[in-house]
Amino acid sequence: CPRVGLCVRRTGRRVIRPVGMNCRSPVDRPQLVEKISVGVCIVPRMTKPFRIGSYYTRDEIGARLGGTKQWYLPTVDSKVVAVCLRKEHNPKAPNVVLCGSGPKIAKTGEWLAAATWTLPVFVKEAENRWQYCGRYKVASSCTSGPIFKREVAGHENPGSITRVVFLQRAFK
């Protein structure tokens, strides 16, 4: 697909896209948050952007970004669309994500580690009160070794952690 204009790849349909969107990656702009999948292209709808430091409910986050509100890594079409962390499970949030075990949880952690786009990150402050921390990108990931051991040390159940993902702020 061209970087601007219309997308006709694999769909055979003309889909209007905003400037700079890439058909193969999910929405990568704070103001482009609601998506409709058309083939491999994602068609965003302009909505009000999240504000750093503001609080949102999981219903509001899900309505804007999609994905399930029960998971800490909501996904759409096997792509992570947000990171929603609780300090009791991720004490170094939003910079370090500890991915748990279980087939679906571990797989979602793999999808997070493979993400090449920026992701909105939220940290739970209270019941149904999630603070928006900004957009982050994956810096690195590990599943074993001394860095992995250091990060899971002190966790209430270190044997349940399958992956550590390090995030860094995408925009200053």
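Criteria and cut-off values
- Residues numbered from 1 in each chain as written.
- Predicted model: local features only at pLDDT ≥ 70, side-chain atom pairs only at ≥ 80, totals over all residues.
- Heavy atoms only, no water.
- Helix = DSSP H or I, 4+ residues; strand = E, 2+ residues; numbered from the N terminus.
- Buried < 20%, exposed > 50% of the residue type's maximum accessible area, 1.4 Å probe, protein only.
- 1 Å grid on protein atoms, 1.4 Å probe; cavity = no way out; pocket = protein on both sides within 12 Å on 5 of 7 lines; lining within 4 Å.
- Points joined across faces, edges and corners; volume = space filled by probe spheres on them.
- Nonpolar A, V, L, I, M, F, W, Y, C, P; charged D, E, K, R; others polar.
- Core = buried A, V, L, I, M, F, W, Y, C linked by side-chain atoms within 4.5 Å.
- Contact = heavy atoms within 4.5 Å.

Caption draft 1: Main features of unusual backbone geometry. Of the consecutive residues Ala 93 and Pro 94, the connecting peptide bond is found in the cis state with omega at 5°. Position of Pro 94 among the secondary structure elements: in the loop between strand 8 (83-86) and strand 9 (96-99). Positive phi, normally seen in glycine, also occurs at Ser 78, with a value near 65°. Turning to its location among the elements, Ser 78 is positioned in the loop between strand 6 (75-76) and strand 7 (79-80). Positive phi, normally seen in glycine, also occurs at Asn 128, with a value near 55°. On the basis of relative accessibility, which here comes to 39%, the residue Asn 128 falls in the partly exposed class.

Caption draft 2: Spotlight on the layout of surface pockets. Taken as a whole, the largest pocket spans an internal volume of roughly 340 Å³. Along the wall of the largest pocket there are 19 residues; nearest its centre are Tyr 72, Arg 86, His 89, Asn 90 and Leu 98. Elements represented by at least two residues in the lining of the largest pocket include exactly strand 8 and strand 9. Tallied by class, residues from the lining of the largest pocket come to 8 nonpolar, 7 polar and 4 charged.

Caption draft 3: Examining the environment of Val 164 more closely. Along the chain, Val 164 falls in strand 12 (residues 163-169). Sequence separation of Val 164 and Cys 99 is 65 residues, and the distance between their C-alpha atoms is 6.1 Å.

Caption draft 4: Main features of the nonpolar core. Ranked by internal contacts, the top residues of the largest apolar core, which has 19 residues, are Val 83, Val 97, Leu 112, Leu 119, Val 165 and Leu 167. Those elements that provide at least two residues to this core are strand 8, strand 9, strand 10 (119-126), strand 11 (129-142) and strand 12. Ignoring sequence-local partners within four residues, the contact set of Leu 112 consists of Leu 73, Val 80, Val 83, Val 97, Leu 119, Val 138 and Val 165. Membership of the second largest hydrophobic core comes to 10 residues, among which are Ile 61, Leu 65, Ala 82 and Tyr 132.

Caption draft 5: View of the side chain of Thr 108. Structurally, Thr 108 is set in helix 2 (residues 103-114). Its relative accessible area of 7% is what places Thr 108 among the buried residues. Not counting residues within four places of it along the chain, the set of residues in contact with Thr 108 comprises Leu 73, Thr 75 and Val 80.

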